[in-house]
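# Fold and geometry: a report
The lines below spell out each chain.
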Amino acid sequence: MIQVENVNKIFNEGTVQAFEALKDVNLEVKKGETVILSGVSGSGKSTLLSLIAALDKPSSGKIVVNNTLISKLPDLHASEYRATSIGVVFQHFNLLEALSVKENVLSPLVNSGLTLSEVENMAKKSMGMAAIFHKADQQVKELSGGEKQRCAIARALVHAPPLIICDEPTANLDKENTLKFIDILKNLHNSGTTIIVATHDPLFETLPFVNRVLHMQEGKIVKQKQ
Ligand SMILES: Nc1ncnc2c1ncn2[C@@H]1O[C@H](COP(=O)(O)OP(=O)(O)OP(=O)(O)O)[C@@H](O)[C@H]1O
Ligand SMILES: [Mg+2]
């Protein structure tokens, strides 16, 4: 499903501030696998995820997702790829603060060709799964950190994408909501969704449905636990 080949990412390339955030990264994720990305702050987890999500491009190397060459995708096609093939829970949520929870959650379904009632039903189901339905009509800027995180989770799931990428999805959640989120992941895994989660939380490394734990250090994948 995902092939990352010899990927390098240099920020501010060609300047004195040039920084090599990813160094010759190779990774293969099979369809239906759940993979955890661990590693200290600054090791390159978010950078790698943003390349797989086609939010940024590698400096060199190749990324293929579902037979599409993501690393060379023109912007228009990149947004189409994100709208149809992938759900992303961002580390910093990337929600539209002035819009309601429901409006944020259903945003991936705009231009999908679905009817309004289909869109409403999918949003409702997703908000229910992420335990944020009770705040559906509230503006995002009025939510707590954990509520924003659950809104971001609902938005990532709403179009039932075959690939889900989560960047520190539980950093703002309490124990109860973390366990709820893990349960959502387990159900997605059981229904065949491919999942990648970057997290500092050691709880994820011990989950029985996790296939692999990859450890990143200074821009490289240095260890793998099966
Ligand atoms: N746009 C950017 N410009 C310059 N440097 C960047 C940029 N984005 C990330 N970096 C640098 O690349 C390195 C890797 O960052 P990244 O966000 O991938 O780390 P991370 O493993 O996700 O860390 P955390 O656990 O804190 O989220 C960091 O040293 C960071 O400062
Ligand atoms: Mg990060």
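No experiment lies behind these values; they were computed from the predicted model shown.

In the vicinity of ligand 1 lie 14 residues, with S41, G42, K45, S46 and T47 positioned nearest. Here an oxygen atom of ligand 1 and a side-chain polar atom of S46 are 2.8 Å apart. Protein chains shield 64% of the accessible area of ligand 1, which is 640 Å² for the free molecule. Ranked by the residues each element gives to the shell around ligand 1, the list is headed by helix α1 (residues 45–52), at three residues. A breakdown of the residues in the shell around ligand 1 according to their chemical character gives four nonpolar, nine polar and one charged.

The subject of this paragraph is the coordination of the magnesium ion (ligand 2). Here the magnesium ion (ligand 2) is held by the protein donor atoms S46 (OG) and Q91 (OE1), which lie 2.0 to 2.4 Å from it. Of this pair, S46 sits in helix α1 while Q91 is found in the loop between β6 (86–89) and α3 (101–106), placing the two residues 45 residues apart along the sequence. Accessibility expressed as a relative area gives 31% for Q91, which makes it partly exposed.

Another aspect to go through is the pairing of strand β8 (residues 194–198). Burial analysis of β8 places five of its five residues in the buried class, the great majority of the element. Taking every second residue as pointing to the same face, both faces of β8 are buried, with T194, I196 and A198 on one and I195 and V197 on the other. Two elements, strand β3 (residues 34–38) and β8, share four bridges in a ladder whose sense is parallel. Paired with V35 across the strands is I196, a residue of β8. Judged from the five bridges that link them, strand β7 (residues 163–167) and β8 form a sheet pairing that is parallel. Across the sheet, residue L163 finds its bridge partner in β8, namely T194. Handedness of the crossover is the feature at issue here: the chain leaves β7, passes through helix α6 (residues 175–190), returns alongside β8, and the resulting connection is right-handed.

On to the pairing of strand β10 (residues 220–225). Relative to β10, strand β9 (residues 212–217) is paired through five bridges, and the arrangement is antiparallel. Following the sheet pairing, M216 is matched in β10 by I221. Connecting β9 to the next strand, β10, in antiparallel fashion are two residues, including E218 with a positive phi near 45 degrees.

To continue, consider the sheet that holds strand β4 (residues 60–65). Across the sheet, four strands lie side by side as β2-β1-β4-β5; this open sheet has antiparallel pairing. In this open sheet, the two edge strands, each paired with only one partner strand, are β2 (19–29) and β5 (68–69). Direction of pairing for β4 relative to β5: antiparallel, over a ladder of two bridges. The partner of V64 across the bridge, within β5, is L69.

Our next topic: the sheet that holds β7. Taken in spatial order, the six strands line up as β6-β7-β8-β3-β9-β10 in an open sheet, and their pairing is mixed. A strand with exactly one partner marks an edge of an open sheet, and here the two such strands are β6 and β10. Direction aside, neighbouring strands of the sheet carry axes that sit 15 degrees apart on average. Sheet contacts for α1: β3, β6, β7, β8 and β9; angle to β7, the most-contacted strand, approximately 155 degrees. Together, β6 and β7 form the strand contacts of helix α5 (residues 145–157), whose direction differs from that of β6 by roughly 175 degrees.

Cut-off values and rules
- Residues numbered from 1 in each chain as written.
- Chains lettered and ligands numbered in written order.
- Predicted model: local features only at pLDDT ≥ 70, side-chain atom pairs only at ≥ 80, totals over all residues.
- Heavy atoms only, no water.
- Near = heavy atom within 4 Å.
- Polar contact = N/O pair within 3.5 Å; in protein donor to acceptor, adjacent residues only side chain to side chain.
- Areas by Shrake-Rupley, 256 points an atom, 1.4 Å probe, with all protein chains shown as cover.
- Helix = DSSP H or I, 4+ residues; strand = E, 2+ residues; numbered from the N terminus.
- Nonpolar A, V, L, I, M, F, W, Y, C, P; charged D, E, K, R; others polar.
- Donors = N, O, S within 2.8 Å, 3.2 Å for Na, K, Ca; no water.
- Buried < 20%, exposed > 50% of the residue type's maximum accessible area, 1.4 Å probe, protein only.
- Pairing = 2+ DSSP bridges.
- Right-handed = clockwise from strand over helix to strand, strands pointing away.
- Axes fitted to C-alpha atoms, helices over the stretch in contact; angles between N-to-C directions.
- Contact = heavy atoms within 4.5 Å.

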